[in-house]
Amino acid sequence: LDGPGMGGCYWDPALAGACDSYHWTSSYFPGGEYGAWGVYFRCAELSYNDTMVGYFVRCVRPGS
């Protein structure tokens, strides 16, 4: 909770939405058939979980 954003969050303030939720990454966990990494922006936490868990996702594209 020491991030630069509002309330100590690590969420970019230019993005809409709250930072108090997990978001999936595109990286699968090595050796795990159904698991992937997630990020919790409230405290910059990385975690591994089954992809059946309901985390959020965000569409991204490279800058121009």
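That block above? That's the structure.
Residues numbered from 1 in each chain as written. Predicted model: local features only at pLDDT ≥ 70, side-chain atom pairs only at ≥ 80, totals over all residues. Heavy atoms only, no water.

Let's talk about the pairing of strand 2 (residues 35-40)
For step 1, the next point in the chain: Summarising burial for strand 2: five of the six residues are buried, a large majority.
For step 2, the next point in the chain: Here four bridges tie strand 1 (residues 22-28) to strand 2, and the two strands are oriented antiparallel to one another. If you follow tyrosine 22 over to strand 2, its bridge partner there is tyrosine 40.
For step 3, the next point in the chain: Between strand 2 and strand 3 (residues 45-50), which follow one another and run antiparallel, lie four residues, and alanine 44 among them has a positive phi close to 60°. (Buried < 20%, exposed > 50% of the residue type's maximum accessible area, 1.4 Å probe, protein only. Helix = DSSP H or I, 4+ residues; strand = E, 2+ residues; numbered from the N terminus. Pairing = 2+ DSSP bridges.)

Focus: the layout of surface pockets
For step 1, the next point in the chain: Size it by volume and the largest pocket reaches roughly 230 Å³.
For step 2, the next point in the chain: Around the largest pocket sit Trp11, Leu15, His23, Trp24, Thr25, Ser26, Val39, Phe41, Val57, Arg58 and Val60, which together line it.
For step 3, the next point in the chain: Per-element accounting of the lining of the largest pocket gives the leading share, four residues, to strand 1.
For step 4, the next point in the chain: Along the lines of polarity and charge, the residues of the lining of the largest pocket split into seven nonpolar, three polar and one charged. (1 Å grid on protein atoms, 1.4 Å probe; cavity = no way out; pocket = protein on both sides within 12 Å on 5 of 7 lines; lining within 4 Å. Points joined across faces, edges and corners; volume = space filled by probe spheres on them. Nonpolar A, V, L, I, M, F, W, Y, C, P; charged D, E, K, R; others polar.)

Focus on the packing of aromatic side chains
For step 1, the next point in the chain: Overall, the coordinates contain five aromatic pairs when judged by the stated rule.
For step 2, the next point in the chain: Between tyrosine 22 and tyrosine 40, the aromatic rings sit 4.7 Å apart at their centres with planes inclined by 25°, giving stacked as the arrangement. Of the two residues, tyrosine 22 is situated in strand 1 and tyrosine 40 in strand 2; the sequence distance between them amounts to 18 residues.
For step 3, the next point in the chain: For tyrosine 22, a relative accessible area of 25% puts it in the partly exposed group. (Phe/Tyr/Trp six-rings, centres within 6.5 Å; stacked < 30°, edge-to-face > 60°.)

Quick notes on the side chain of serine 21
For step 1, the next point in the chain: Here serine 21 lies in the segment before strand 1.
For step 2, the next point in the chain: By relative accessible area, serine 21 is classed as buried at 14%.
For step 3, the next point in the chain: Among all residues touching serine 21, those that are not within four sequence positions of it are Val39, Tyr40, Phe41 and Phe56. (Contact = heavy atoms within 4.5 Å.)

A look at the sheet that holds strand 1
For step 1, the next point in the chain: The antiparallel open sheet is built from three strands, whose spatial order is 1-2-3. Looking along the sheet, the strands with just one partner apiece sit at the ends: strand 1 and strand 3. Adjacent strand axes in the sheet meet at a mean angle of 35°, parallel and antiparallel pairs treated alike. (Axes fitted to C-alpha atoms, helices over the stretch in contact; angles between N-to-C directions.)

Describing the pairing of strand 3
For step 1, the next point in the chain: Looking at chain direction, strand 2 and strand 3 are connected through six bridges and run antiparallel. The partner of valine 39 across the bridge, within strand 3, is leucine 46.

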